[in-house]
Amino acid sequence: MKRVYLAGPFFDDEQIDRIERLEKALTDNETVADFFSPRTEVHDEFEFGSKEWAAAIYKGDKEHLDPAEVVVAVIDYDNDYVDPGTAWEIGYSEAMNKPVILVKEKEGAINLMISAPAHAVVTDVADIANYDFDKLPANEWTGKTF
């Protein structure tokens, strides 16, 4: 059973819905020991957007990302842009040799700096509930790349 870090944006209703579906899929997955979703870390003790709030969010996310064994990252683009926080988490995970499972439900291409190092790409959130995080089956992105 693996510890999983869930990376992905949660700034609008569509993104929140996707993250909530992923949280449920990870909860239901028997090969997930536990997972961390940054959506749950709010730090109400600080003013939103303040330097203190930003430092607390960064520190907390990194403290959960470091011990994670696998990262699940949502890369559904907003126009031509992936969420910069998610992109950072993907890059950091790659540098730490952690497998990254990309979740991409929307149509479209993936930037080569995200698709090339991905361990696997899942195109339906529901598939995460049955993904074997112990065996980590790999698959490459076969769609368009830019």
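Above this text is the structure in question.
Reference entry: report on the structure contained in this document. Remember, it's a predicted structure, so these values are computed and weren't measured experimentally.

Some thoughts on the packing of aromatic side chains
Applying the stated criterion across every chain, the model contains 6 aromatic pairs. With a centroid separation of 4.9 Å and 70° between ring planes, the pair formed by Tyr131 and Phe133 is classed as edge-to-face. Residues Tyr131 and Phe133 agree in their burial class; the two are buried.

Looking at the packing of helix α2 (residues 51–65) against helix α3 (residues 84–95)
Think of two packed helices as two axes; the pair is described by the angle between the axes and how far apart they sit. Look at α2 against α3: their axes get within 12 Å of each other, and the N-to-C directions meet at 40°. As summarised for this structure, α2 and α3 are arranged oblique, according to the angle between their axes. Two packed elements cross with a definite hand, and for α2 against α3 that hand is right-handed. Residues Tyr58, Asp61, Lys62 and Leu65 of α2 form the contact with α3, whose own contacting residues are Trp88, Glu89, Tyr92 and Ser93. Tallied by class, residues from the contact of α2 with α3 come to 4 nonpolar, 1 polar and 3 charged.

Comments concerning the nonpolar core
The biggest cluster of nonpolar side chains holds 20 residues, and the ones touching the most others in it are Leu22, Leu26, Val72, Ile101, Ile128 and Phe133. Every element with two or more residues in this core is listed here: β1 (2–7), α1 (13–28), β3 (70–74), β4 (100–103) and β5 (120–122). The dominant element in this core, judged by the number of residues it contributes, is α1, at 4 residues. Once you skip the residues sitting within four places of it in the chain, Leu26 turns out to touch Val4, Leu6, Val32, Phe35, Val72, Ile128 and Phe133. Membership of the second largest hydrophobic core comes to 19 residues, among which are Leu65, Ala68, Tyr77 and Val121.

Regarding the environment of Glu89
Here Glu89 lies in helix α3. Considering only alpha carbons, one finds Glu89 and Glu105, 16 residues apart in sequence, at a separation of 19 Å. Dropping the residues within four chain positions of it, Glu89 is found in contact with Tyr5, Ala7, Gly8, Pro38, Asp61 and Leu65.

What counts, and at which threshold
- Residues numbered from 1 in each chain as written.
- Predicted model: local features only at pLDDT ≥ 70, side-chain atom pairs only at ≥ 80, totals over all residues.
- Heavy atoms only, no water.
- Phe/Tyr/Trp six-rings, centres within 6.5 Å; stacked < 30°, edge-to-face > 60°.
- Buried < 20%, exposed > 50% of the residue type's maximum accessible area, 1.4 Å probe, protein only.
- Axes fitted to C-alpha atoms, helices over the stretch in contact; angles between N-to-C directions.
- Helix = DSSP H or I, 4+ residues; strand = E, 2+ residues; numbered from the N terminus.
- Parallel < 35°, antiparallel > 145°, perpendicular 65-115°, else oblique.
- Left-handed = near helix turned anticlockwise from the far one by under 90°.
- Contact = heavy atoms within 4.5 Å.
- Nonpolar A, V, L, I, M, F, W, Y, C, P; charged D, E, K, R; others polar.
- Core = buried A, V, L, I, M, F, W, Y, C linked by side-chain atoms within 4.5 Å.

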